[in-house]
Amino acid sequence: MLKKIAIFASGTGSNATKIVAHFKDHASISVALVVSNKATAPVLQMATTNHIPTLLLNRTSFYETEQLLENLARHQIDFIALAGFLWLIPPYLVKAFEQRMVNIHPALLPKYGGKGMYGMNVHKAVQANGEKESGITIHFVNEQYDEGGAIFQAACGIEPIDDPIAIRNKVLQLEHYYFPRIIEGLLE
Ligand code: GRF
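The residue count restarts for each chain, going from 1 along the sequence in the order it is written. The predicted nature of this model means local features are confined to residues of pLDDT at least 70 and side-chain atom pairs, given and counted, to a pLDDT of 80 or more, with totals for whole chains, interfaces and linings taken over all residues. Side-chain measures here rest on the full set of heavy atoms in the structure, leaving out hydrogens and waters.

A closer look at the pattern of salt bridges
Here, a salt bridge means any Lys or Arg side-chain nitrogen found within 4 Å of an Asp or Glu carboxyl oxygen. The full count for this structure, using the stated rule, is two salt bridges. We note a salt bridge from lysine 111 to glutamate 131, for which the minimum N-O separation is 3.2 Å. In this pair, lysine 111 is assigned in the loop between strand 5 (101-105) and helix 6 (120-128) and glutamate 131 in the loop between helix 6 and strand 6 (133-140), connecting sequence segments 20 residues apart. Exposure is judged per residue with a 1.4 Å probe applied to protein chains only, and the accessible area is read against the type maximum: over 50% gives exposed, under 20% gives buried, and values in between give partly exposed. For lysine 111, a relative accessible area of 44% puts it in the partly exposed group. Two residues, lysine 170 and aspartate 162, come together in a salt bridge whose shortest N-O distance is 2.6 Å. Only DSSP runs of H or I reaching four residues or more are called helices, and only runs of E reaching two or more are called strands; each is numbered from the N terminus.

Comments concerning the layout of surface pockets
Empty space among the atoms becomes apparent when a probe as large as a water molecule is rolled across them. For each structure, a 1 Å grid was placed over the protein atoms alone; sets of points admitting a 1.4 Å probe that cannot get out are labelled cavities, open sets with protein on both sides within 12 Å along at least five of seven lines are labelled pockets, and lining residues have an atom within 4 Å of a point. Grid points are joined across faces, edges and corners, and a volume is the space filled by probe spheres set on the points. Reported here for the largest pocket is a volume of approximately 860 Å³. Forming the walls of the largest pocket are 36 residues, and the residues nearest its centre are Gly84, Phe85, Leu86, Tyr118 and Gly119. Residue assignment for the lining of the largest pocket shows that the elements contributing at least two residues are helix 1 (14-23), strand 5, helix 6 and helix 7 (164-187). Three classes are used: nonpolar for Ala, Val, Leu, Ile, Met, Phe, Trp, Tyr, Cys and Pro, charged for Asp, Glu, Lys and Arg, and polar for all others, with Gly counted as polar. Grouping the constituent residues of the lining of the largest pocket by class yields 16 nonpolar, 16 polar and four charged.

See the structure below:
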């Protein structure tokens with residue numbers, strides 16, 4: 001049976017792009033929907049270019065109704081990948097996709113996680129603390145930011161000359177390689 005993924009993303013969507021490319025010709029898994037909370041997010045353009053349906057979220061509807069579940073059902077979504085999605089996931093969605101929704105975080109959780117720890121904030125904090133390594137954490141999603149059970153981690157070394165952008169680039173390489181493959185492993 002074909003398994004269908006929805007990617008939720010708020011921004012650039014470099015991870016989303018890698019996931020879409022990874023599953024483009026896959027026999028049993030496809031990316032069937034890209035969901036964003038931001039009308040101008042480049043990830044929506046990427047989806048359209050790849051002929052993938054998109055859905056723009058409205059904050060009130062997302063938090064105060066369960067209408068999203070109907071939309072996900074209409075697209076027969078089995079699995080959700082959060083790839084740079086910044087809104088906290090409401091309980092109804094956590095429950096409906098228990099063990100079927102994962103997030104990628106650009107640090108070695110439980111360090112450098114939680115509210116406000118996203119994007120460059122993470123890499124700046126890692127550098128300011130003189131960490132010798134950083135990395136990625138792929139984890140299931142629960143009602144708190146970055147607290148669901150960890151599925152996979154990979155680390156990269158940090159040199160004293162690495163600035164936050166260099167750290168981000170090292171971490172992104174790990175994200176782009178591992179995230180599609182871990183999703184594939186969970187779905188197979
Ligand atoms: C990634 O660093 C990911 O770990 C985090 O948000 C960032 C999204 O980047 N959750 P992109 O939009 O995939 O380039």
